[in-house]
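Here is how the chains run, residue by residue.
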Amino acid sequence: MERVLVIGFNARPIAVQAKKCGFKVFAVDYWGDVDIYGWVDDIVVLKDYVKAGSDLAELTVKFSEQMARKHGVDGVLVGSGLDDRWECLSRLERVAPIIGNKPSKVREVRSKLEVYEKVKREGIMVPETFLVESRKEAVRASREIGFPVIVRREAGGGGLGIHLAHNEREVEQKFSQLKGKGRVLVQEYIAGDDVSASVLCTGKKAVTVTVNRQLIGVSWLGGREFVYCGNIVPHEKEEIRRRVSEAAEKICRSLSVLGCNGVDFVVRGGQPVFMEVNPRFQGTLECVSMVTGMNIVREHINACQGRVPSKISVKGFAVKNIVFAKENCVIPDLHGIPFLFDITQPRSLVEEGEPICSVQLACLKLEECIRRAKKVVVEVYSKIDEYNKKCGGMGV
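As a starting point, this report considers the structure included with it. (Residues numbered from 1 in each chain as written. Predicted model: local features only at pLDDT ≥ 70, side-chain atom pairs only at ≥ 80, totals over all residues. Heavy atoms only, no water.)

What about the packing of aromatic side chains?
The description of an aromatic ring pair rests on the distance of the ring centres and on the angle between the ring planes. Counted according to the given criterion, the structure contains 6 aromatic pairs. Ring geometry for Tyr-49 against Phe-63: centres 4.6 Å apart, planes inclined by 45°, an arrangement best described as tilted. Within this pair, whereas Tyr-49 is found in the loop between strand S3 (42-45) and helix H2 (56-71), its partner Phe-63 is found in helix H2, the two being separated by 14 residues in sequence. On the basis of relative accessibility, which here comes to 43%, the residue Tyr-49 falls in the partly exposed class. Among the residues examined, Phe-63 registers a relative accessible area of 6% and is labelled buried. Taken together, a centroid distance of 5.8 Å and an interplanar angle of 90° make the contact between Tyr-116 and Phe-274 edge-to-face. Taken together, the positions of Tyr-116 in helix H5 (residues 112-121) and Phe-274 in strand S13 (residues 271-278) put the pair 158 residues apart, joining distant regions of the chain. One Lys or Arg, Lys-326, reaches over the ring of Tyr-381 and ends 4.4 Å from the middle of that ring. (Phe/Tyr/Trp six-rings, centres within 6.5 Å; stacked < 30°, edge-to-face > 60°. Helix = DSSP H or I, 4+ residues; strand = E, 2+ residues; numbered from the N terminus. Buried < 20%, exposed > 50% of the residue type's maximum accessible area, 1.4 Å probe, protein only. Lys NZ or Arg CZ within 6 Å of the ring centre and 35° of its normal.)

What to know about the sheet that holds strand S14 (residues 317-324)
With antiparallel pairing, the 8 strands of this open sheet are ordered in space as S13-S12-S9-S10-S11-S14-S18-S16. The open sheet terminates on both sides in strands that have one partner only, identified here as S13 and strand S16 (340-341). Strand direction decides the pairing type here: strand S12 (residues 258-268) and S13, joined by 7 bridges, are antiparallel. The partner of Val-267 across the bridge, within S13, is Pro-272. Across the face of the sheet, helix H9 (residues 285-292) comes into contact with strand S9 (193-202), strand S10 (206-216), strand S11 (228-233), S14, S16 and strand S18 (355-363) while running at roughly 160° to S14. (Pairing = 2+ DSSP bridges. Contact = heavy atoms within 4.5 Å. Axes fitted to C-alpha atoms, helices over the stretch in contact; angles between N-to-C directions.)

With respect to the environment of Lys-120
You can see Lys-120 is positioned in helix H5. Since its relative accessible area comes to 44%, Lys-120 is described here as partly exposed. For the pair Lys-120 and Phe-274, spaced 154 residues apart in the sequence, the C-alpha separation amounts to 9.2 Å.

Here we look at the pairing of strand S8 (residues 184-188)
Counting buried residues along S8, 4 of its 5 residues qualify, which places the element largely inside the surrounding structure. Pairing of strand S5 (residues 129-132) with S8, which is carried by 4 bridges, proceeds in the antiparallel orientation. Pairing of Thr-129 across the sheet is with Gln-187, part of S8. The sheet contact formed by strand S6 (residues 149-153) and S8 spans 5 bridges and is antiparallel. If you follow Arg-153 over to S8, its bridge partner there is Val-184.

Put into structure tokens, the structure is as follows:
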């Protein structure tokens, strides 16, 4: 295998590690951030082609087919964006073999109600969950579970389409917002620590690389509700790491997943409650590499060929903070600020709630990691504010 196609909402982290493996790398990426171009041999930036009503998954397949015809590719590495569009993944299989979970497996593990039943049989807790098809059913399910509840799309990623409802009126409102966008679930709200496990799997074996604290809806990063805002890798509590690792490996073996997979939990009272499996590369990829020294793309390919590491050494901590726009703004040239990744093109208009960049760094001590990352985040926001004030809020 010499040529790989990387697809994903943010293809850059995967492309970087694929290039370091020695591959020729072609990408179909949504954002087209400043720092992806040095790592790819060719790229299509989907944002340049999106119009009102565009189907992003369909566009991904279209341009993947074009890229494959133009260059020829030996395999496809899949990031976020197509977890719940297995019919599009099936068409991608005609472009080149997907290295990792096949579309049928992705469909299986993303069918939450069915997976919850399997996971419960493994002795692992899951949130009480109902599939609802009307506002009346949503309210009835909420009464049975008890408020507050989660009203969410079954599909989705990055925490989008997940809402907390405190009463029947809010349940009806949230249901109405989500109806028509796929299956709607009403779910028990589990209060606790948001945790993920990065797991390498052969289909039979499963080895946890790291257990990570998830940063969800962090207001000082511009995050809302359940939006994914980054990670601390690894989780600072050894007992949580042990329990989550055991549960994640058991789930991955039960589901026979392949390659690098993410398993999300909420830890309540010291016990992990399973949320979902992300059957592809995760947003923690680079932080995991920082603390283990591993190339996760290489390890993913090895796992798909039946080989997982016998021993994993973790040194220090890594932090990822995704910086979201707190209001509509224009992005200045952020060159010169250290530890920035996924950097938005200068002079781009970014709407409130959209990502601007991510801050990633590693230190031996967690407190130092967090302190330095926050300092960089403050510098980013200050530079954006200064630029927009200077230019009258238009950035031009």
